[in-house]
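# Observations on the model geometry
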Amino acid sequence: MPMKPKLVDAFNIQIQAEFQSAYTYLGMAAWFAEQNLPGFAQWMRVQWQEETMHAMKLYDFLHNRGESVSLRPLAAPVKKYTSAVQVFEQVRKHELAITASINALYELALKEKDLPAQIVLQWFINEQVEEEALVVEIIERLKLVGSDGPSVYLLDRQMATRPAPVSGAQA
Ligand code: FEO
């Protein structure tokens, strides 16, 4: 069954938002690498992969429904940060905005009575709960260690252990 054009447009906008998230986190990965925090840089590279996977999940969904993917332009990431906490506060803010856009997309899928769209978006709704919790946990840890060098070093090593996403675009 074809999707309503309004819903296809909204999915394409969400694909852009997910790729924009990926690009933003890649910019943060570069910033961390330049601060000699390779573990945080690695964590952000994994986040970049995660977001790319999110975008591709929506991209594949549109194609599976026989609809067209229209890729939109991305903005250059901001790379001026003052601290690791500030970076993760930005991540939190960004993820809250993504949650709001996923929720609005789900509301639209409900309104258009598109059941497959609702089901794929439920995965994203759960994912946002996990992402928000994870970011809050990291902010708390960063606040706890403060500027204590050895603790920052240990936390950086711990951040490096984040595994890469399991199975590319189809996960
Ligand atoms: Fe794809 Fe971090 O939301």
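Structure: see above.
Notes on the structure follow. (Residues numbered from 1 in each chain as written. Predicted model: local features only at pLDDT ≥ 70, side-chain atom pairs only at ≥ 80, totals over all residues. Heavy atoms only, no water.)

### Points about the packing of helix 2 (residues 38-64) against helix 4 (residues 115-145)
To keep things clear, this is the line we draw: Inter-axis angles, ranging from 0 to 180 degrees, are taken between N-to-C directions of lines fitted to C-alpha atoms, where helices are fitted over the stretch in contact. Comment: elements are numbered from the N terminus, with helices defined as DSSP H or I runs of at least four residues and strands as E runs of at least two. For this classification, under 35 degrees means roughly parallel, over 145 means roughly antiparallel, 65 to 115 means roughly perpendicular, and everything else is oblique. Contacts are assigned to residue pairs with any non-hydrogen atoms lying within 4.5 Å of each other.
The interhelical angle for the contact between helix 2 and helix 4, taken along N-to-C directions, is 170 degrees, at an axis separation of 11 Å. In terms of orientation, helix 2 and helix 4 fall into the roughly antiparallel class. Facing Phe40, Trp43, Gln47, Glu50, Glu51, Met53, His54, Lys57, Leu58 and Phe61 of helix 2, the residues of helix 4 in contact are Pro116, Ala117, Val120, Trp123, Phe124, Glu127, Glu131, Leu134, Ile138 and Leu142.

### Details of unusual backbone geometry
The condition is simple: For the exposure calls, accessible area comes from a 1.4 Å probe over protein chains only, and a residue counts as buried if that area is under 20% of its type's maximum, exposed if over 50%, partly exposed in between.
Of note, Asn36 is a non-glycine position whose phi angle comes to about 60 degrees, a positive value. Exposure remark for Asn36: the relative accessible area of 67% places this residue in the exposed category. Not every positive phi belongs to a glycine, and Lys113 is a case in point at roughly 55 degrees. A relative accessible area of 65% places Lys113 in the exposed class.

### With respect to helix 4
To be explicit about the condition: To estimate how far a helix should extend, the number of its residues minus one is multiplied by 1.5 Å. For the purposes of these results, a polar contact is taken to be a pair of N or O atoms within 3.5 Å, where, inside protein, one atom must be able to donate a hydrogen and its partner to accept one; residues adjacent in sequence count only when each atom of the pair is a side-chain atom.
The terminal C-alpha atoms of helix 4 lie 46 Å apart, and with 31 residues this matches the ideal 45 Å at 1.5 Å per residue to within 8%. Its side-chain oxygen 3.0 Å from the backbone nitrogen of Ala117, Asp114 forms the N-cap of helix 4. Two residues or fewer after helix 4 comes Gly146, characterised by a positive phi angle close to 55 degrees.

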